[in-house]
Amino acid sequence: MSLAHGRPFLAIPGPSVFPESVLQAMNRPEVNIYEGELVDMAFSMREDLCKVARTDGNVAYYIANGHGAWEAAIANTLSAGDHALVLATGRFGKGWALMAEALGVKVEMMDFGNATPNDLAQVEARLRADTDHRIKAVLSVHTDTSTSLRNDIPGLRAALDAAKHPALLQVDCIASLACEPFEMDAWGVDVMVTGCQKGLMTPPGLAFVYFNARADQVRNAMPRVSSYWDWRTRTRPELFYQLFCGTAPTHHLYGLRAALDLIMAEGIEAVWQRHTRMASAVWCAVETWGEGNALALNVTNPKHRSTAVTTIRTEGDIASRLRKWCETEASLTLGIGLGIDDARAQNAGELFRIGHMGYLNPPMLMGTLGTIETGLKALGIPHGKGGLERAAEALVA
Ligand SMILES: *Cc1c(COP(=O)(O)O)cnc(C)c1O
């Protein structure tokens, strides 16, 4: 007998759960793309998008996923032959580096492994050694969704400043924006990239590149920028169509507007606090299950853990068996383990991930944790008792 009836639930680290109000806002007939509500909404949305990222700077819109935002940031700031320092703490830093290399950028990667964040002393030393300032940009992921490591971005800015290095600081907040604290201006981030399908709770298809005046100067000094990716026309459009370099993603904009309404009503700091509370419940459950058993949080130091996604290490094929049981017997989809230990694309057997980002409340989270615990019992996988009780305590702590 299968228990997999009722509403299926996706607990992967993006796309996250789409709020009803977002889906309902998108369920409408075609709209006028030349004037009226859509045009006003697309322009006025900038203000809330900037509030979410805590910046008074600019934000360029793209019809794209996160990879598109990566490419856009590079296209506006780095030419073929320019040098960039890319910091990797998992698969996503490496992915951004590959995109830069494909555009001819000379990438130097500092790989800090899969369980500890960027080593800022090493980064500072590397920047100090670059006395003729060949490195034009430092690229770092805020939260790496494969390892669930969160990097210290103010600390990274401090490392650049201590080395008196002028490279642009570019940060990937695709998994962290509107989940984890992020202060673009106060932290001195020059360029930030994100997508709409994680903390912004909107079906995949919109990407954003935020940039400050310093980054814009670099853009203006570029010998050429592809007209499609150029952030200049997108942020200073004379005609509405230039905002997206073509037809606007009409329905996505309605969806995103509804998502921003939810974030604004809750307040961005309350959003961050809710994520912290939910994440601590996940950690408590996993730590309890893992006492004396083969289940453990990938990131041991709580200060280095993301509050939007959690990567869990197991042994053998425990992770894939557990995911399969949850999916087929209980309608719960968990995140696969992305390849972080070696060249494989996936570590499906020994890793799994829980997405706890965006539109999430205790029934959704406790349902997820309770279903995982049920799966552990169903499969006879040894685990510590009382994980759910610890999670409940964390939620009210
Ligand atoms: C999801 C994600 C990406 C990739 O986004 P796509 O929309 O799949 O292209 C990049 N970086 C991070 C940190 C992510 O979480």
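Structure: see above.
Treat the numbers as computed from the prediction; the structure is a model and nothing was measured.

As a further point, take the overall build of the chain. Per the secondary structure count, the chain includes 13 helices and 14 strands. By the compact-globule yardstick of 21 Å for 397 residues, the chain fits well, its C-alpha radius of gyration being 21 Å. Judged by the C-alpha coordinates and their principal axes, the chain covers about 60 × 55 × 35 Å. Looking at the chain as a whole, 56% of its 397 residues are labelled buried. Long-range pairs, those at least 24 residues apart, make up 71% of the contacts in the chain between residues at least 6 apart in sequence. Here the chain carries 36 positive and 43 negative side-chain charges, and the mean point of each set is 3 Å from the other.

Another aspect to go through is the site of the ligand. Within the structure, the ligand sits among 13 residues, and His 67, Thr 145, Asp 172, Gln 197 and Lys 198 are positioned closest to it. Taking Gly 66, its main chain carries an N or O atom lying 2.7 Å from an oxygen atom of the ligand. Within the side chain of Gln 197, an N or O atom sits 2.7 Å from an oxygen atom of the ligand. About the coverage of the ligand: the protein hides 89% of its 380 Å² of free accessible area.

Further remarks concern the packing of helix α3 (residues 66–77) against helix α4 (residues 91–102). It is at 9 Å that the axes of α3 and α4 come closest, and there the two elements cross at 50 degrees. On the basis of the axis angle, α3 is oblique to α4. Considering only the axes of α3 and α4, their crossing is right-handed. Note on element contacts: α4 touches α3 through Phe 92, Gly 95, Trp 96, Met 99 and Ala 100, opposite His 67, Trp 70, Glu 71, Ala 73 and Ile 74. Partitioning the contact of α3 with α4 into residue classes produces seven nonpolar, two polar and one charged.

Here α4 contains twelve residues, and its C-alpha end-to-end distance of 17 Å stays within 8% of the 16 Å for a straight helix at 1.5 Å per residue. Those residues of α4 that sit buried are Gly 93, Gly 95, Trp 96, Ala 97, Met 99 and Ala 100. Among the residues trailing α4, Gly 104 stands out with phi positive, at a value near 90 degrees.

A separate point is the sheet that holds strand β8 (residues 168–172). Ordered by their spatial adjacency, seven strands build an open sheet running β2-β10-β9-β8-β5-β3-β4, and the pairing between neighbours is mixed. If you trace the sheet from one side to the other, it starts and ends with β2 (58–63) and β4 (106–111), each paired once. Averaged over all neighbouring strand pairs, the angle between strand axes comes to 20 degrees, with direction disregarded. Pairing of strand β9 (residues 191–195) with strand β10 (residues 206–211) involves five bridges; the strand directions are antiparallel. Bridge pairing in β10 places Gly 195 opposite Ala 207. Across the sheet, α4 lies against β3 (83–88), β4, β5 (135–141), β8 and β9, angled at about 170 degrees from β4, the strand it touches most.

In terms of burial, β10 is largely enclosed, as six of its six residues are buried. Side chains Leu 206, Phe 208 and Tyr 210 of β10 all project onto a buried face; the interleaved residues Ala 207, Val 209 and Phe 211 project onto the opposite face, where all are buried too. Both β2 and β10 contribute to a ladder of six bridges, which runs antiparallel. Paired with Ala 60 across the two strands is Val 209, which belongs to β10.

Counting residues in each nonpolar core, the largest one holds 57 residues, and the members touching the most others are Leu 49, Leu 200, Phe 208 and Tyr 210. When residues of this core are assigned to their parent elements, the largest contribution, nine residues, is made by helix α2 (residues 37–53). Look past the residues within four positions of Tyr 210 in its chain and what remains in contact with it is Leu 49, Cys 50, Ala 53, Thr 55, Asn 58, Val 59, Leu 177, Met 184, Asp 190, Val 191, Met 192 and Thr 194. Ranked by size, the runner-up nonpolar core spans 34 residues in total, among them Cys 284, Leu 322, Trp 325 and Leu 369.

As a further point, take the pattern of salt bridges. Two side chains that carry opposite charge are able to pair once their charged atoms sit near each other. Within this structure, the stated rule accounts for 20 salt bridges. Residue Asp 230 is joined to Arg 219 by a salt bridge in which the shortest nitrogen-to-oxygen separation is 2.8 Å. Residue Asp 230 is found in the loop between α7 (213–220) and α8 (231–235), and its partner Arg 219 is found in helix α7; the two are separated by eleven residues along the sequence. One exposure class covers both Asp 230 and Arg 219, and it is buried. Here Asp 261 and Arg 257 are joined by a salt bridge, their closest N and O atoms 2.7 Å apart. Within this pair, Asp 261 and its partner Arg 257 are both found in helix α9 (residues 250–266), separated by four residues, close to a single helical turn. Taken together, the salt bridges that share partners define one network made up of Glu 47, Asp 48, Lys 51, Arg 257 and Asp 261.

In spatial order, the strands read β1-β13-β14-β12-β11; together these five strands make up an open sheet with mixed pairing. Two strands close off the open sheet at either side, each with one partner strand: β1 (9–11) and β11 (296–297). Looking at chain direction, strand β13 (residues 332–336) and strand β14 (residues 351–355) are connected through two bridges and run antiparallel. Each residue of the ladder has a partner; that of Gly 335, found in β14, is Arg 353. Where helix α12 (residues 362–378) meets the sheet, its contacts fall on β1, β13 and β14, and the angle it forms with β13 comes to roughly 80 degrees.

Conventions and cut-offs
Residues numbered from 1 in each chain as written. Predicted model: local features only at pLDDT ≥ 70, side-chain atom pairs only at ≥ 80, totals over all residues. Heavy atoms only, no water. Helix = DSSP H or I, 4+ residues; strand = E, 2+ residues; numbered from the N terminus. Rg over C-alpha atoms; globule rule 2.2 N^0.38 Å. Buried < 20%, exposed > 50% of the residue type's maximum accessible area, 1.4 Å probe, protein only. Contact = heavy atoms within 4.5 Å. Lys, Arg positive; Asp, Glu negative; His and termini not counted. Charge placed at Lys NZ, Arg CZ, Asp CG, Glu CD. Near = heavy atom within 4 Å. Polar contact = N/O pair within 3.5 Å; in protein donor to acceptor, adjacent residues only side chain to side chain. Areas by Shrake-Rupley, 256 points an atom, 1.4 Å probe, with all protein chains shown as cover. Axes fitted to C-alpha atoms, helices over the stretch in contact; angles between N-to-C directions. Parallel < 35°, antiparallel > 145°, perpendicular 65-115°, else oblique. Left-handed = near helix turned anticlockwise from the far one by under 90°. Nonpolar A, V, L, I, M, F, W, Y, C, P; charged D, E, K, R; others polar. Expected span 1.5 Å × (residues − 1). Pairing = 2+ DSSP bridges. Core = buried A, V, L, I, M, F, W, Y, C linked by side-chain atoms within 4.5 Å. Salt bridge = Lys/Arg side-chain N within 4 Å of Asp/Glu carboxyl O.

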